[in-house]
Structure formats: C-alpha cells, structure tokens
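Here's the letter readout for the chains.
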Amino acid sequence: MASEEKKVGFFKRAARGIVAFFREMKSELKKVVWPTFKQVRNNTGVVITSLILVGALVAVLDFGFQFLVNTLLK
C-alpha cells in the first residue's frame, strides 16, 4: 500500500485526507447529545449568577484594599 500511496500525487492524497476528515467529523457530530433548551437556560442562569457574585466579591475586595492603602498612607 505504501508504494501505491507514493504513486498517487500529493494533491490527490491531500484531497483523500480532507474528505476522510469531513466524513469522520460528520459521523462524530451524529454522536453528540445536544442539551435541551431548559438545560441551556438553567446553565446560562448559573453562569450569569456566578459572574455577578464573583464580580461583587472582587469589587468588595478592591474597595477594601483601596481603603486600607489610603488609611495607611495618610
């Protein structure tokens, strides 16, 4: 088979590889279990809530350290 591969031109081998890639990609995408709308909505809510909480925590720490530095420098 290796000798047959060398006889075939570079572009034909590349084309075969590309076709094989897309064929395998299509078969893998058929195996994907897509989330329901309810799951997406719930996960989005969790992410947004987490972002708000972490943002608030960072803001509180920032103001606290700023107050501490200003107090020490006075």
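Note that the structure is a prediction, hence the values are computed from the model and not measured.

Tallying secondary structure elements over the protein gives three helices and zero strands in all. If you list the helices and strands of the protein from N to C, you get α-α-α. Its C-alpha atoms put the protein at 80 × 40 × 15 Å along the principal axes. Sorting the 74 residues of the protein into buried and exposed places 1% on the buried side.

Glancing now at the pattern of salt bridges. Scanning all chains against the criterion turns up one salt bridge. Taking the shortest distance from any N to any O, the salt bridge between glutamate 28 and lysine 31 comes out at 3.2 Å. Residue glutamate 28 is classed as partly exposed on the basis of its relative accessible area of 45%.

We now examine the confidence of the model for the protein. Per-residue pLDDT for the protein averages 91, and the proportion of residues at 70 or more is 91%. When the elements of the protein are averaged for pLDDT, helix α1 (residues 2–7) gives the smallest value, 57, and helix α3 (residues 37–73) the largest, 97.

As a further point, take the environment of glycine 55. Structurally, glycine 55 is set in helix α3. Distance in space between the C-alpha atoms of glycine 55 and leucine 29 is 36 Å, their sequence separation being 26 residues.

A few words now on the packing of aromatic side chains. Under the counting rule described, the total for this entry stands at two aromatic pairs. On the numbers, 5.3 Å between centres and 75° between planes, the contact of phenylalanine 10 with phenylalanine 11 is edge-to-face. Phenylalanine 11 matches phenylalanine 10 in its accessibility class, with the two residues each being exposed. Considering the side-chain rings of phenylalanine 21 and phenylalanine 22, the 5.2 Å spacing of their centres and the 75° angle between planes classify their relative orientation as edge-to-face.

Definitions and cut-offs
- Residues numbered from 1 in each chain as written.
- Predicted model: local features only at pLDDT ≥ 70, side-chain atom pairs only at ≥ 80, totals over all residues.
- Heavy atoms only, no water.
- Helix = DSSP H or I, 4+ residues; strand = E, 2+ residues; numbered from the N terminus.
- Buried < 20%, exposed > 50% of the residue type's maximum accessible area, 1.4 Å probe, protein only.
- Salt bridge = Lys/Arg side-chain N within 4 Å of Asp/Glu carboxyl O.
- pLDDT = per-residue confidence, 0-100.
- Phe/Tyr/Trp six-rings, centres within 6.5 Å; stacked < 30°, edge-to-face > 60°.

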